[in-house]
Amino acid sequence: MPGQSGFSLTEVRASSASNVWLFGADNNGEEGTILRWNGSSWQDVPVPAGVIPNAAAVLNVSDVWMSGSQTGTGSGSNDACQTALYHWNGSAWDSPDYVATAVDGISGSGARNVWVVGESRHSTVTGNYTLAAYRWNGSAWVAPSMPAPRGGGEPGITVQSSANVWLFAWQAKKSSRGFLLHWNGTRWREIVAPRQMPASDELVTDGSGGLWAGPWAHWTGIRWVNTSPSVSFVGVNNSYNLHGLARVPGRTRIWAAGLVSHTPSSSSWDSLIAQYP
């Protein structure tokens, strides 16, 4: 991986070992940067003028989506937003399309099944919003018929097929419980996590019909399981965090990357790699 000073990485996406993309910006947030690994070397990918990459999805070498600039209108409890979406066709970025929501995540399973999840009618007072999604059908972005719950926090998405789409957000209530919306190709189902379940927007399917909502919350398809580890995981008085989940293809094992601190003040951190089970 190239060492680039002054570079902040925002997304890592890949469709194969020879098609890995890095999306980011300079530390001032003024200039976007995209790099691609072709299996033997890193290559610079041109960035549309004035665009800072945000969410991204890489389906293959000629099918990449990323979100760019967002423009907002309104104020108070009815703040509206429009987001530009850019498509890489293998040699250049196509002219942007636009969706009427802030975009927090992009995921897809094919050229005609790419989804974005975001925040509509965002309240600048409470931070809550109406959960929104759009689907690219191969020619246009279309808002699907779906529940429109009020949510909080950054929503997440993962798309496995046209009949297996997962969305995540937190309820816009005092309890702030995490919840999933699952599309099975026919209907939506809402699955609310129990109180105190440490769910998050990092979504990874478990390979057997369920879903991981972060490293500590597993929906098995039947019930929620809290997988928070015991003290012996990293030792007494040590701080840690896990993120960047990935599942081994064809298996149910989950890998995660994170950080661990062995100092009482958490003044220094070491890299951490974990697997489950």
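Here the structure is a predicted model, which means the values were calculated and not measured.

Criteria and cut-off values
Residues numbered from 1 in each chain as written. Predicted model: local features only at pLDDT ≥ 70, side-chain atom pairs only at ≥ 80, totals over all residues. Heavy atoms only, no water. Pairing = 2+ DSSP bridges. Helix = DSSP H or I, 4+ residues; strand = E, 2+ residues; numbered from the N terminus. Axes fitted to C-alpha atoms, helices over the stretch in contact; angles between N-to-C directions. pLDDT = per-residue confidence, 0-100. Core = buried A, V, L, I, M, F, W, Y, C linked by side-chain atoms within 4.5 Å. Buried < 20%, exposed > 50% of the residue type's maximum accessible area, 1.4 Å probe, protein only. Phe/Tyr/Trp six-rings, centres within 6.5 Å; stacked < 30°, edge-to-face > 60°.

**Focus: the sheet that holds strand β21 (residues 239–247)**
And then number 1: What the three strands build is an open sheet, ordered β21-β22-β23; its pairing is antiparallel. Because the sheet does not close on itself, it has two edges, and the strands there are β21 and β23 (270–276). Going across the sheet, the axis of each strand differs from the next one's by a mean of 25°, ignoring polarity.
And then number 2: Strand direction decides the pairing type here: strand β22 (residues 254–261) and β23, joined by seven bridges, are antiparallel. Bridging from a neighbouring strand, Trp255 pairs with Gln275 of β23.

**Overview of the confidence of the model for the chain**
And then number 1: Summarising the model, the chain shows a mean pLDDT of 90, and 94% of its residues fall at 70 or more.
And then number 2: Mean pLDDT across the elements of the chain bottoms out in strand β6 (residues 63–73) (85) and peaks in strand β5 (residues 56–60) (98).

**Here's the deal with the pairing of strand β13 (residues 150–161)**
And then number 1: Where strand β11 (residues 129–136) and β13 come together, two bridges link them in antiparallel fashion. The residue bridging Tyr129 from the neighbouring strand is Gly151, located in β13.
And then number 2: As paired elements, β13 and strand β14 (residues 164–171) share seven bridges and run antiparallel to each other. Residue Ser161 lies in a different strand from β14, and its bridge partner there is Asn164.
And then number 3: Counting the residues between successive antiparallel strands, the hairpin from β13 to β14 contains two residues.

**Topic: the nonpolar core**
And then number 1: Trp115, Leu131, Leu167, Leu181 and Trp188 are the most contacted members of the largest nonpolar core, which totals 15 residues.
And then number 2: Of all the secondary structure elements, the ones that give two or more residues to this core are β10 (113–120), β11, β13, β14 and β15 (178–183).

**Brief notes about the packing of aromatic side chains**
And then number 1: Applying the stated criterion across every chain yields a total of 14 aromatic pairs.
And then number 2: Summarising the aromatic geometry, the rings of Trp88 and Trp93 are spaced 5.3 Å apart at their centres and angled 65° between planes, so their arrangement reads as edge-to-face.
And then number 3: According to the relative accessible area criterion, Trp93 is buried, its value standing at 14%.
And then number 4: Residues Trp115 and Trp188 carry aromatic rings whose centres are separated by 6.1 Å and whose planes lie at 75° to one another, so their mutual orientation is edge-to-face. Here Trp188 lies in strand β16 (residues 188–192) and Trp115 lies in strand β10, a separation of 73 residues in the sequence.

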